[in-house]
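Chain by chain, the residues:
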Amino acid sequence: MKTIIIAEAGVNHNGCLETAIEMVNQASYSKADFIKFQYFNASELVIPTETKANYQKKNTDNNETQYEMLKRLELRESDFIKLSKHCAQKNIRFLCSPFSISSADFLYSINSSFVKISSGNITDRPLLETISKKNWNIIFSIGMSSITEIDDAFKILSKSGKSKKKISILLCTSQYPTPFNDVHLRAMKSLRERYGVKVGLSDHTVGIHIPIAAVALGATLIEKHFTLDKNMSGPDHKASIDSEQLKNMVSQIRDVEKSLGISDIGPRKSEKENLPKARKSIVALNEIKIGDIFSSKNLTTMRPGYGISPMKIYELIGLIAKKTYKKNDLIDISELEDHSNE
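Treat the numbers as computed from the prediction; the structure is a model and nothing was measured.

Another aspect to go through is the environment of Pro276. For Pro276, the location among the structural elements is in helix 12 (residues 275-278). Separated by 27 residues in the primary sequence, Pro276 and Arg303 have C-alpha atoms spaced 7.8 Å apart. Apart from the residues lying within four places of it in its own chain, the contact partners of Pro276 are Pro304, Gly305 and Tyr306.

Before going further, it helps to examine the environment of Ile101. Within the secondary structure layout, Ile101 lies in helix 6 (residues 101-109). Between the C-alpha atom of Ile101 and that of Leu128, which follows or precedes it by 27 residues, the distance is 8.8 Å. In contact with Ile101, other than residues within four places in its own chain, are Pro126, Leu127 and Thr130.

Over the atoms rolls a probe the size of a water molecule, and in doing so it shows where empty space is left. By volume, the largest pocket amounts to about 740 Å³. What lines the largest pocket is a set of 31 residues, and nearest its centre among them are Tyr55, Phe99, Ser118, Gly120 and Tyr176. Contributing elements (two or more residues each) for the lining of the largest pocket: strand 2 (34-39), helix 3 (54-59), helix 4 (66-72) and strand 8 (221-227). The biggest single contributor to the lining of the largest pocket is helix 4, with three residues. A breakdown of the residues in the lining of the largest pocket according to their chemical character gives 13 nonpolar, twelve polar and six charged.

Inspection of every chain in the model, using the stated rule, returns 15 salt bridges. Notably, a salt bridge pairs Lys116 with Glu223, separated by 2.9 Å at the nearest N-O pair. Within this pair, whereas Lys116 is found in strand 4 (residues 114-117), its partner Glu223 is found in strand 8, the two being separated by 107 residues in sequence. Looking at Glu223, the relative accessible area reads 2%, which means it is buried. Residue Arg194 is joined to Asp151 by a salt bridge in which the shortest nitrogen-to-oxygen separation is 2.8 Å. With Arg194 in helix 9 (residues 187-195) and Asp151 in helix 8 (residues 147-158), this residue pair connects regions lying 43 residues apart in the sequence. A relative accessible area of 48% places Arg194 in the partly exposed class. Beyond isolated ion pairs, a larger network of salt bridges with shared partners links Lys2, Asp33, Arg254 and Glu257.

What counts and what doesn't
Residues numbered from 1 in each chain as written. Predicted model: local features only at pLDDT ≥ 70, side-chain atom pairs only at ≥ 80, totals over all residues. Heavy atoms only, no water. Helix = DSSP H or I, 4+ residues; strand = E, 2+ residues; numbered from the N terminus. Contact = heavy atoms within 4.5 Å. 1 Å grid on protein atoms, 1.4 Å probe; cavity = no way out; pocket = protein on both sides within 12 Å on 5 of 7 lines; lining within 4 Å. Points joined across faces, edges and corners; volume = space filled by probe spheres on them. Nonpolar A, V, L, I, M, F, W, Y, C, P; charged D, E, K, R; others polar. Salt bridge = Lys/Arg side-chain N within 4 Å of Asp/Glu carboxyl O. Buried < 20%, exposed > 50% of the residue type's maximum accessible area, 1.4 Å probe, protein only.

Set out below in structure tokens:
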């Protein structure tokens, strides 16, 4: 199964449509499957006096409120229409997280077939109920969530009779960047078993190796923040990968997918040509004349593996040689075949 890779633009466009368009270009170049944005209206999302999270304070003006920061990062409805069309031109799928009922209604109106629910909205019942009633493929992250909160959200999202095939859950730790010991990739297995849906990772660690490891452990979706420049001003740039890292991550995930292969055990196509060069055969340790008895004193095992397998050496010992062998000659398979027919 091909892993769905979501290039998370988030708010790393800094409220600039031109930057967002270039992010679409770079995500397409990286061969990600989706690029994801966030649609919110600051005045509907946060009270004006609310302060920012600590990681946001470190990466932006410490004196501005959360509202002021988010206001700078907004995009308009017309911007999302342009971004959606540009995604189609660049052969990458458009994805967006709504933060209100009105933004969910708008995104559905522009024929977006997938929707992403951010970790911060997992307890927003009115928003979840609105999303559940639409014919969307739903992806939701579970950062900061207790198992009860995940249960409740899943129940709401599937209540309208939506098939489990249309719901995916992303393991997520809402810290930017996430400490490696707070990722807990093994929890993906628990999510898969508990809810019976596709499971993946929304990753906020430094680098690209954790998402790659997640794919090896069965993740079918990967979401990763990226930026055009880690030195840009904004809350998420420092915890994001750049465009070249995104390209490398996608490429390495595709390599991992190929390597997962099948569960059967046996010689692989690419290695069969090496088998006779690496394996051994039974050979003459010294000269063996017709009529001599094969023994541990005149037989040994050496490469190549074109002759009798060393696994059959005890079948050969004690038999009478039918021909003469010089030192290092491979013992002919007919020595066993002839005796087995006697």
